[in-house]
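Structure at a glance
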Amino acid sequence: MTISSATDMLALTRKSLRVVVADNDASVIELVTTDLALEGHNIVATALTGEQAVVLCRQHRPDVLIVDFRMPPGLNGLETIRRVLAEKTVATCILYTNYRAPHIAADARRLGATYVRKGPLRTLRAALRTD
Amino acid sequence: MKRHKDLLAVVLAVAAVCGIGGLVVATVLNAQNAGRHRLGQVQVAQVQELARSMDTRAQQAFDAFAGVLSTPYHVTAKDGQDAARLQALQALNPKATTGYVLVNKDGVVVNGTLLRDPASIGQKLDRPGLATVLAGKAAFLPVAPGITTTLPTIALAYPLKSASGALNGAFVYESEVSPTSQFNAEVATLAGSGHAKFSFVDGNGVVLASNNSVAIGHKLSEPLLGTRTGLLRGNGEVVVVEAVPNAGWRAVFQQPVRNFEGSLTSPLHSALIYVALLTIIIAGLLAVVLLRRLARSREEQRRLAQLSADREEFISIVSHELRTPVSGLMGFLQTALDHWDGMEDSERRRAVARAYANASRLYSLSRDVLDSSSVESGQLSYTKDLFDLREVVLTAVTAAQDLHPDNIVNYESTERPLWVTGDPERLQQVVNNLLDNALKSTPPDGPVVVDLTAEDDTAVITVRDSGPGLSGEDLDRAFDKFVRGRGRRTVGTGLGLYISRRIVEAHNGTITAGNAPSGGAVFRVELGMTSSPAEPVGA
C-alpha cells in the first residue's frame, strides 16, 4: 500500500465536516479549499471578509469555521470568532494565520477556538481530525 | 518628557556657569572687602600717628611753659614786673601775631602783650574752659575770639600760683586759628589728594587746623563726628577720628568713599562687571548651543529611531509577504503529492499551476527587494536594445492572465510596431508591476484593461483597474517607497511602483497615476519611440 493510497483510505474513513473558509487572500482560500476537499470535507462557503464569514455561518451553520486573523478593513479573525460563537452558528472555530504574536494564540484559546499557524497543510488537516 | 529633560539639562548647565561666575564674584567681593578693611586700617594708623604727634607737641608745650612759669607772677593789674616778663617772652618771637595774657583768679585780665584793646585790662576774659584752668589744671582752651588778635584763637592756659603756692590766676597764650598760622602749616602739608581732609577740632568741634582752609575756625560739619573714635562710614564718606588727649582735641580724617576706595574698588568693580557680563554671555551662548545640540541630537535620535522602525517594518512586511507565496507554493505541491492518485488531471494541472504562480510571485518579490537596494545605490543595471514594445506588453498580459485565471484582463494594442530603445526585461517588469497592482485592486468580476497606443513619437501604455480608485493622499504618494495600496487587501512590499518609476525615468519616460472617469485607478507610462530598422517613426 502506497502512502497516497493510505491517505486516501484515511480520507474515506474520516468524518466529513461542513466547513466555511474565510481569508482576504483568494490564493489561500483556493489552497485550503482544494486540500480539504481532497481530504473529504465539504466546503459549503468561502468569504473574503469577517463580515461575510459571519453572514455565511448564519446561513449554512457549518461544523467548522476556518478564519484568517488579519482581514482589513473590517472584523479581524478573533472578532469574527467571537461573533459566530455568540450567535452559536458554528460549533468549532480555527484561527488560521501567519501571525505569531503570543497574545493572538492566547486570545483564540480564551474564546474556545484553536490556533493553527499557516504552514504545512498537515497541521490544518490534523486540527480538523481532532474536531 | 524628553523636551523637559533637555530643558533641565540646559538649566543645570546655565546654573553651573552662573554658579562659577557667582563664586568668582564672591571671591572678588571678598578680596575687595579685605582690601577695604586693610585700607581702613592703614588710614586709621596714619591718623593715630598724626594724633599722637600732636598730642606729644601739646605735652611739650605744657612742659615748656611749666618751666617758664615756675617763677610766680604777681597777677595784679598792670604789674610792671609781670609786664616786663611778658614782654621778654614776646621778644623771643618777634614775628608772633598773638600775645600773652595774665588773668587773676577771678578771670579778669590784669596784664598782656599785643592786646588789641588796652581797655581789656580789668575786663573778664570770656573764654570757655578758663574756669578749669583757674581751678588748677592746665589746658588748651577751645577756639574763641582772641584779645591779642582779631582772628579766632586757641589758647594754651596755665594755672598760676603765688609764692605761697595758692592759685592766683592763669597764664594764657593765644595762638591764632588761620590757614597761615604756623600751627596750621604742619597740617596743611598733609597730602589732600582725592578730596582727603585732615583737620584738628577742639572739644566743641571747631576746626583749629586743617588742610581744608575754608573750614578753619568753623564748626566741622560732619554728621559722623559724634563721640566715637576710629573708622566710621556713612553718608558716602569715610571718617577716621582719633583723640589728642593732652590738648582735648580730635584729629579728623575725611574722604568720600569713592576716592578713599577708588584705587581699590574701581578696578574690582570693572572686573566684577566684566565677570558678570562674561557669565551672562557664556551662560546665554551655552544655553543656545546646548539647546541646539540637544535639539539636533533629539532629531538625529528620532531619525535613527524612524530609520530603525522603517527597517523593522520593512523586514516584517517582506517576511510576511514572502511567507505567503512560499506557503502557497509548498501547499499546492503538498496537496498534489498527498492526493495525486485521487485527483483528476485538471485538478493536478491546476495545483501545479498555482504552485508555479506562487513561485513566480516569490521570484517577483525577491527581485523587488534586491532591486530596491540596487536603486538606492544607483546600481540598477540595464541592457538596452531596440525592440517592439507590443511584444513586451503582450508577454506581461499573458503571464498575468495565467497567474490570475479568475480575473479578466482585456488588452488592446495598436496594430503597427512601436519601436523603443531600452531594456525589454526591465520594461516588462514595469508592466508586470502595474498589472499586479491592478489585479490586487480589482474584484474577480471586474476587468483590468490594458491599452498600448502611439501619440506622435510617444508610446503610451495605460493600465486601468476596476477597484475603488486612488485617494488624494494615495495619488501623492503612489510612487514613494514602501507605500502599499488600500485595495481589497493590503499586500506587497510597497516597492513595485517605486522601482517602476525609476526604470521608466531611466528610459527618459514618464509614469503617472490617476483615476479613470468611469472609476478605478489608471496608470500611464510614456516612452519615447525610436526609428525602426526598416521604417521611420510616424510612417
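Just above sits the structure.
So, how was this worked out
- Residues numbered from 1 in each chain as written.
- Chains lettered and ligands numbered in written order.
- Predicted model: local features only at pLDDT ≥ 70, side-chain atom pairs only at ≥ 80, totals over all residues.
- Heavy atoms only, no water.
- Helix = DSSP H or I, 4+ residues; strand = E, 2+ residues; numbered from the N terminus.
- Buried < 20%, exposed > 50% of the residue type's maximum accessible area, 1.4 Å probe, protein only.
- Contact = heavy atoms within 4.5 Å.
- Areas by Shrake-Rupley, 256 points an atom, 1.4 Å probe, with all protein chains shown as cover.
- 1 Å grid on protein atoms, 1.4 Å probe; cavity = no way out; pocket = protein on both sides within 12 Å on 5 of 7 lines; lining within 4 Å.
- Points joined across faces, edges and corners; volume = space filled by probe spheres on them.
- Nonpolar A, V, L, I, M, F, W, Y, C, P; charged D, E, K, R; others polar.
- Buried area = accessible area lost by both parts, 1.4 Å probe.
- Salt bridge = Lys/Arg side-chain N within 4 Å of Asp/Glu carboxyl O.
- Polar contact = N/O pair within 3.5 Å; in protein donor to acceptor, adjacent residues only side chain to side chain.
- Pairing = 2+ DSSP bridges.
- Axes fitted to C-alpha atoms, helices over the stretch in contact; angles between N-to-C directions.
- Phe/Tyr/Trp six-rings, centres within 6.5 Å; stacked < 30°, edge-to-face > 60°.
- Lys NZ or Arg CZ within 6 Å of the ring centre and 35° of its normal.
- Core = buried A, V, L, I, M, F, W, Y, C linked by side-chain atoms within 4.5 Å.
- Parallel < 35°, antiparallel > 145°, perpendicular 65-115°, else oblique.
- Left-handed = near helix turned anticlockwise from the far one by under 90°.

The helix and strand tally for chain A stands at 6 helices and 5 strands. Element order for chain A, N to C, with α for helix and β for strand: α-β-α-β-α-β-α-β-α-β-α. Counting across all 131 residues of chain A, residues that qualify as buried make up 50%. Partitioning the contacts of chain A with sequence separation of at least 6, the portion at a separation of at least 24 is 63%. Here chain A has roughly 6,100 Å² of accessible surface; of this, 56% comes from carbon and sulfur atoms.

Regarding its fold elements, chain B presents 11 helices and 17 strands. When burial is assessed residue by residue, chain B has 42% of its 539 residues classed as buried. Considering only intrachain contacts with a sequence separation of at least 6, the fraction spanning at least 24 residues in chain B is 62%. On chain B, roughly 27,700 Å² of surface is accessible, and the fraction owed to carbon and sulfur atoms is 56%.

Our next topic: empty space enclosed by the protein. One pass over the full model with this rule turns up 3 cavities of 30 Å³ or more. Roughly 120 Å³ of internal volume is contained in the largest cavity. Considering only residue class, the lining of the largest cavity consists of 5 nonpolar, 8 polar and 2 charged.

Let's shift gears to the interface of chain A and chain B. With 21 residues of chain A in contact, the opposing surface of chain B contributes 19 residues. Around 2,000 Å² of area is buried between chain A and chain B when both sides are counted, 46% of it from carbon and sulfur atoms. Taken as a group, A:Glu30, A:Leu38 and A:Asn98 account for 28% of the area that chain A buries against chain B, more than any other trio of residues on that side. The tally of links between chain A and chain B comes to 4 salt bridges. Put simply, B:Arg354 and A:Glu30 hold a salt bridge, and the shortest N to O gap is 2.7 Å. For the pair chain A and chain B, the number of links is 7 residue pairs in polar contact (both at pLDDT 80 or more). Those elements that place two or more of their residues in the side of chain A that touches chain B are helix H1 (3-13), helix H2 (26-38) and helix H6 (121-130) of chain A. Looking at the side of chain A that touches chain B, its residues break down into 7 nonpolar, 6 polar and 8 charged.

This part covers the sheet that holds strand S3 (residues 64-67) of chain A. Residue and element names in this part refer to chain A. Read across the sheet, 5 strands follow the order S2-S1-S3-S4-S5 without closing on themselves; strand pairing throughout is parallel. Lying at the two open borders of the sheet, with one neighbouring strand each, are strand S2 (42-47) and strand S5 (114-117). Between one strand axis and the next, the sheet turns through 20° on average, direction left out of account. Across 4 bridges, S3 lies against strand S4 (residues 92-97) in parallel orientation. Bridge assignment links Leu 65 to a residue of S4, and that residue is Cys 93.

Look at the link from A:Pro72 to A:Pro73: it is a cis peptide, with omega at 10°. Structurally, A:Pro73 is set in the loop between S3 and helix H4 (77-87). Phi angles above zero are rare outside glycine, and A:Arg61 is one such case at about 50°. For A:Arg61, the location among the structural elements is in the loop between helix H3 (50-60) and S3. Taking relative accessible area as the criterion, A:Arg61 reaches 47% and is therefore assigned partly exposed. The phi dihedral of B:Lys78 falls on the positive side, at around 55°, and the residue is not glycine. By relative accessible area, which is 62% here, B:Lys78 ends up exposed.

Once that is clear, we can look at the sheet that holds strand S5 (residues 167-176) of chain B. Residue and element names in this part refer to chain B. Spatially, S2-S1-S5-S4-S3 is the arrangement adopted by the 5 strands of the open sheet, whose pairing is antiparallel. Looking at which strands have only one partner, the edges of the open sheet turn out to be strand S2 (109-112) and strand S3 (139-145). On average, each strand axis in the sheet is tilted by 30° relative to the strand beside it, whichever way the strands run. Pairing of S3 with strand S4 (residues 152-161) involves 5 bridges; the strand directions are antiparallel. Across the sheet, residue Ala 144 finds its bridge partner in S4, namely Thr 153.

Residue and element names in this part refer to chain B. Among the secondary structure elements, Ser 210 is positioned in strand S7 (residues 207-210). For Ser 210, a relative accessible area of 1% corresponds to the buried category. There is a polar contact of 3.1 Å between the side chain of Ser 210 and the backbone oxygen of Phe 198. Dropping the residues within four chain positions of it, Ser 210 is found in contact with Asn 184, Val 187, Phe 198, Ser 199 and Ile 216.

What follows covers the pattern of salt bridges. Under the counting rule described, the total for this entry stands at 27 salt bridges over all chains. Of the charged contacts, one joins A:Arg125 and A:Glu39 as a salt bridge, the two residues approaching to 3.7 Å between their closest N and O atoms. You can see A:Arg125 sitting in helix H6 and its partner A:Glu39 sitting in the loop between H2 and S2, a full 86 residues away along the chain. Of the two residues examined, A:Arg125 and A:Glu39, each falls in the buried class. For the salt bridge of A:Arg125 with B:Asp338, the shortest nitrogen-to-oxygen distance reads 2.6 Å. On the criterion of chain membership, the pair formed by A:Arg125 in helix H6 and B:Asp338 in helix H6 (residues 262-339) is interchain, its members lying in two chains. Neither residue differs from the other here; A:Arg125 and B:Asp338 are each classed as buried. Each of A:Asp35, A:Glu39, A:Arg122, A:Arg125, A:Arg129 and B:Asp338 takes part in a single network of salt bridges with overlapping partners.

Residue and element names in this part refer to chain B. In the structure shown here, the tally under the stated rule is 11 aromatic pairs over all chains. Counting every residue linked through ring pairs, the aromatic cluster contains Phe 65, Tyr 73, Tyr 100, Phe 171 and Tyr 173. Directly above the ring of Tyr 73 sits Arg 85, whose terminal nitrogen or CZ lies 3.8 Å from the centroid. Across the ring face of Trp 340, the terminal group of Arg 348 is positioned such that the distance to the ring centre comes to 5.0 Å.

All names here are of chain B. Residues Tyr 73, Phe 171, Phe 200, Leu 208, Val 244 and Trp 249 are the most contacted members of the largest nonpolar core, which totals 50 residues. Among the elements that take part in this core, helix H1 (residues 2-68) stands out by supplying 8 residues, more than any other. If sequence neighbours within four positions are ignored, Tyr 73 has contacts with Asp 82, Arg 85, Leu 86, Leu 89, Leu 102, Leu 160, Asn 168 and Phe 171. Phe 314, Leu 427, Leu 495 and Leu 497 belong to the second largest nonpolar core, which has 42 residues in total.

What follows deals with the packing of H6(B) against helix H7 (residues 345-376) of chain B. All names here are of chain B. It is at 8 Å that the axes of H6 and H7 come closest, and there the two elements cross at 160°. Classed by the angle they form, the pair H6 and H7 counts as roughly antiparallel. Handedness of the H6/H7 crossing: left-handed. The segment H6 lies against H7, with Phe 314, Val 318, Glu 321, Leu 322, Thr 324, Pro 325, Val 326, Gly 328, Leu 329, Phe 332, Leu 333 and Ala 336 engaging Ala 351, Arg 354, Ala 355, Asn 358, Ala 359, Arg 361, Leu 362, Leu 365, Ser 366 and Val 369.

That's the geometry; what it means functionally is another story.
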